[in-house]
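# Structure at a glance
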Amino acid sequence: MVLVYAESPGGQLKKAAFEAITYGKKVADLLGVDCAAITLGTNVADAGQLGKYGASKVYNIGSANLDGFDSQLYTKAIADAAGQLGATTVILSHTSTGKSLCGRLAVRMDAGSVSGASGLPTNDGSFKVTKGVFSGKAVATYEINTENKVISLMGNALKPEDTGAEVGVDALGIEVGASALTTAQSKQSGEMVPLPEAELVVSAGRGLKGPENWGMIEELAGILGATTACSRPVADTGWRPHHEHVGQTGVAIRPNLYIAIAISGAIQHLAGVNSSKVIVVINKDPEAPFFKAADYGVVGDAFEVVPRLIEAFKSST
Amino acid sequence: MKLLVCISKTPDTTSKIAFTNGNSEFDTTGIQYIMNPYDEWYALVRAIELKEAAGGSVTVINVGPATNDQTIRKALAIGADDAIRVNAEPKSSMFVAKQIAEQAKAGGYDMVFLGKETIDYNGSEIGAMVAEYLDQPYISYATKLEATGNQATVERDIEGGIETVNLSTPFVLSAAKGLAEQRIPNLRGIMMAIRKPMNVVEPVGANDPAVTVSFELPPAKTGVKLVDPENMGELVRLLKEEAKII
Ligand SMILES: Cc1cc2nc3c(=O)[nH]c(=O)nc-3n(C[C@H](O)[C@H](O)[C@H](O)COP(=O)(O)OP(=O)(O)OC[C@H]3O[C@@H](n4cnc5c(N)ncnc54)[C@H](O)[C@@H]3O)c2cc1C
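Quick notes on the rules
Residues numbered from 1 in each chain as written. Chains lettered and ligands numbered in written order. Predicted model: local features only at pLDDT ≥ 70, side-chain atom pairs only at ≥ 80, totals over all residues. Heavy atoms only, no water. Near = heavy atom within 4 Å. Polar contact = N/O pair within 3.5 Å; in protein donor to acceptor, adjacent residues only side chain to side chain. Areas by Shrake-Rupley, 256 points an atom, 1.4 Å probe, with all protein chains shown as cover. Helix = DSSP H or I, 4+ residues; strand = E, 2+ residues; numbered from the N terminus. Nonpolar A, V, L, I, M, F, W, Y, C, P; charged D, E, K, R; others polar. 1 Å grid on protein atoms, 1.4 Å probe; cavity = no way out; pocket = protein on both sides within 12 Å on 5 of 7 lines; lining within 4 Å. Points joined across faces, edges and corners; volume = space filled by probe spheres on them. Axes fitted to C-alpha atoms, helices over the stretch in contact; angles between N-to-C directions. Parallel < 35°, antiparallel > 145°, perpendicular 65-115°, else oblique. Left-handed = near helix turned anticlockwise from the far one by under 90°. Contact = heavy atoms within 4.5 Å. Buried area = accessible area lost by both parts, 1.4 Å probe. Salt bridge = Lys/Arg side-chain N within 4 Å of Asp/Glu carboxyl O. Domains from an automatic or database assignment. Phe/Tyr/Trp six-rings, centres within 6.5 Å; stacked < 30°, edge-to-face > 60°. Lys NZ or Arg CZ within 6 Å of the ring centre and 35° of its normal. Buried < 20%, exposed > 50% of the residue type's maximum accessible area, 1.4 Å probe, protein only. Pairing = 2+ DSSP bridges.

Moving on to the site of the ligand. Near the ligand you find 28 residues, and of these A:Ser231, A:Thr249, A:Ser264, A:Gln268 and A:His269 are the closest. Mapping the residues adjacent to the ligand onto the chains of the assembly identifies chains A and B. A:His245 places a side-chain nitrogen or oxygen 3.0 Å from an oxygen atom of the ligand. Between the ligand and the protein, one listed contact pairs an oxygen atom with a backbone N or O atom of A:Gln248 at 3.0 Å. Protein contacts shield 81% of the accessible area of the ligand, which totals 980 Å² for the unbound molecule. Breaking the shell around the ligand down by element, the ones donating at least two residues are α5 (232-236), α6 (267-273) and α7 (302-316) of chain A. Considering only residue class, the shell around the ligand consists of eight nonpolar, 14 polar and six charged.

Below, the discussion takes up empty space enclosed by the protein. By the definition in use, this model includes three cavities of 30 Å³ or more. A volume near 50 Å³ is recorded for the largest cavity. Lining the largest cavity are A:Phe69, A:Asp70, A:Ser71, A:Ser100, A:Leu181, A:Thr183, B:Tyr138, B:Ile139, B:Ser140, B:Arg156, B:Glu163 and B:Val165. Every element with two or more residues in the lining of the largest cavity is listed here: β9 (138-148) and β11 (161-168) of chain B. At three residues, the largest contribution of residues to the lining of the largest cavity is made by β9(B).

Residues and elements named next belong to chain B. Helix α4 (residues 126-134) packs onto helix α3 (residues 93-107) with a crossing angle of 45° between their chain directions and a minimal axis gap of 8 Å. One way to sum up the angle between α3 and α4 is to call them oblique. The handedness of the crossing between α3 and α4 comes out as right-handed. Taken together, the residues of α4 that come into contact with α3 (itself represented by Ser93, Met94, Val96, Ala97, Lys98, Ile100, Ala101, Ala104 and Lys105) are Ile126, Met129, Val130, Tyr133 and Leu134. By residue class, the composition of the contact of α3 with α4 is 11 nonpolar, one polar and two charged.

Another point: the interface of chain A and chain B. On the chain B side, the residues contacting the 88 residues of chain A number 74 residues. Buried area between chain A and chain B, both sides added, is near 6,600 Å², and the carbon and sulfur share of it is 56%. Of all residues in chain A, the largest losses of buried area upon contact with chain B belong to A:Arg104, A:Phe134 and A:Tyr296, amounting jointly to 12% of the total for that side. Summed over the shared surface of chain A and chain B, the number is six salt bridges. For the salt bridge of B:Glu159 with A:Lys14, the shortest nitrogen-to-oxygen distance reads 3.0 Å. Our count for the contact surface shared by chain A and chain B stands at 44 residue pairs in polar contact (both at pLDDT 80 or more).

Take the domain arrangement of chain A next. All names here are of chain A. Domain boundaries assigned for chain A yield domain 1 (2-171) and domain 2 (195-316). On a C-alpha basis, the centroid separation for the pair domain 1 and domain 2 is 32 Å. Listed by partner, the interface residues are 11 residues for domain 1 and 14 residues for domain 2. Carbon and sulfur atoms supply 39% of the area buried between domain 1 and domain 2, which totals about 990 Å² over both sides. On the domain 1 side of the interface with domain 2, the three residues burying the most area are Ser135, Lys137 and Asn156, jointly 49% of the side's total.

This part covers the environment of A:Gln248. In this structure, A:Gln248 sits in the loop between α5 and β14 (257-261). A sequence separation of 216 residues divides A:Gln248 from A:Gly32, and the C-alpha atoms of the two residues are 38 Å apart.

Right, let's talk about the packing of aromatic side chains for a bit. In total, this model carries 13 aromatic pairs over all chains according to the counting rule given. Joined through ring pairs, the aromatic side chains of A:Phe134, B:Phe19, B:Phe26, B:Tyr121 and B:Phe215 make up one cluster. The ring of A:Phe127 carries the charged tip of A:Lys149 above its face, separated from the ring centre by 5.0 Å. Geometry around B:Tyr33 places B:Lys9 over its ring, the cationic atom sitting 4.4 Å from the centre.

The next thing to look at is the environment of B:Glu155. Residues and elements named next belong to chain B. Following the sequence through the fold, Glu155 ends up in strand β10 (residues 151-158). With a relative accessible area of 23%, Glu155 lands in the partly exposed category. When the C-alpha atoms of Glu155 and Thr143 are compared, they prove to be 5.6 Å apart, with 12 residues separating the residues in sequence. The residues touching Glu155, leaving out its near neighbours within four places in the chain, are Tyr141, Ala142, Thr143, Lys144, Ile162, Glu163 and Thr164.

With that settled, consider the sheet that holds β14(A). Read across the sheet, six strands follow the order β13(A)-β12(A)-β14(A)-β15(A)-β16(A)-β15(B) without closing on themselves; strand pairing throughout is parallel. Two strands close off the open sheet at either side, each with one partner strand: β13 (227-230) of chain A together with β15 (225-226) of chain B. With two bridges joining them, strand β16 (residues 296-299) of chain A and β15(B) adopt parallel strand pairing. Bridge pairing in β15(B) places A:Tyr296 opposite B:Lys225. α7(A) contacts β14, β15 (278-283) and β16 of chain A of the sheet and is inclined by roughly 135° relative to β15(A). Here helix α6 (residues 232-242) of chain B sits on the sheet in contact with β14, β15 and β16 of chain A together with β15 of chain B, set at roughly 175° to β16(A).

A cis amide bond links B:Thr169 to the next residue, B:Pro170, at an omega of 0°. Along the chain, B:Pro170 falls in the loop between β11 and β12 (171-175). Positive phi is not limited to glycine here, since A:Phe134 has a value of about 50°. Here A:Phe134 shows up in the loop between β7 (127-133) and β8 (138-144). Its identity as a non-glycine residue notwithstanding, B:Asn21 has a phi of 55°, on the positive side. With respect to the helices and strands, B:Asn21 occurs in the loop between β3 (19-20) and β4 (25-26).

The structure is reproduced here in structure tokens:
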């Protein structure tokens, strides 16, 4: 069986959970086995929905000890569930949670693991799966040579596919100890979709000259329902918060649309964003290296072009 | 405080990535290496800061061949006290994690630090693996760490927010931007590093349950389509009708 851990922070299933179950179902089909989902913690809303995306069963370990995240407890709970259900392959999301679990679970389950998988596995006698390496500059194929397998799936690697029907949720009787940690969470990015999950991203660089000029960037992002990002020097100088820094040493993203405004396109910047499906570059320098990585380019002054783009989007909706 | 920092060696960020031997191996021709930035800038520096404030020691560990000694010396020059190199050419994350865990167990450290991921294989797995081998808590993507005695408070990046975790030592932590500021080794540090102890140990047996078998470069972009800066309506149209992205 393929067991998919569906993340539900605060009791709400994440978008990544629907991607993971869609992926898990495809892996299960490839291996000719069933696909089930598991949620952790009390009061997970609408977990039965996972059935629509491919789970033939949905399980829950409803211990309050799992309401806060603790990689040790989560690893034990998922490994115990996999043992009890006879699952040999576990699928996670490559999120802050999944990244804390993937390697742990691999050790605990004596499994081979691939973290941040971007493609579906193939199984022609040996089980192989692809992932981005060198910060998006290449794709590597990994072979997992163990019976047990753990894979964490990169965000936006595939679209959730709603093809089945809702299923019931079964409680799983697994003992969960008390956590040695106390955790609290605070929100940061306001109403925007967090960068790693964002499908549309509007990003700006040092060419904007100062933090006071980000009003038009936020406005453009607001109209599109996009998330804002920035280049490294912009975050380093404190014009924008650190969590907006994308690139090789920032957040690596793969949105459907990346609009880069007044960013030169240094190799370290490109490394974190070049898996974006469509790239639009706005830069006043026609020689800016970013144009080589772009699908659409506008050679012009951002202070003139961006307000025009905002108007064009406004009048097109 | 007894601290262990895992450091790895990665190709410089400006490296041109290519493959050889039928695309089965990374082509190292002409590649300059650096210490993985997350290990160097954040994990190592924060560990050194804690030692400077509260006393103790910082040991760095690397799993790799003798050609990694230069990278290890740099860590010593930045301020680590001593180093362990496990003499092996690693093929998988699991192998590396097993070696680090063995040394960590033997040393009995209060905290094990590593960078949030390496910039070459972007695995982000080794910290979690080491923590599981040690049966200790693991806090990934730490952007802030305060520690007094055996109590620590860590902030970590989560999607769209920050999580604050209180816990006691020992634990394993992966470092992200914000945890510390990059330090450039000074001449005195470089001179002192030459005499700091570097212990070379042989690896313990470990499996390679997941290995790379081939590589591919992403398809090159076909060329940029330039849009008249006066006509942003056209760009909107292209994004809607041609790219079908909005
Ligand atoms: C080890 C290492 C890691 C790094 N990691 C990252 C990383 O993760 N992410 C990252 O972004 N960088 C990273 N960098 C830095 C990177 O090398 C570049 O320095 C950085 O990306 C440049 O940022 P920028 O494009 O905003 O600024 P600049 O290079 O200064 O470019 C500004 C651009 O704005 C254009 N411009 C100026 N005015 C206007 C205007 N009015 N209208 C339109 N265009 C205008 C200019 O033509 C220019 O192209 C790293 C560097 C190193 C050494």
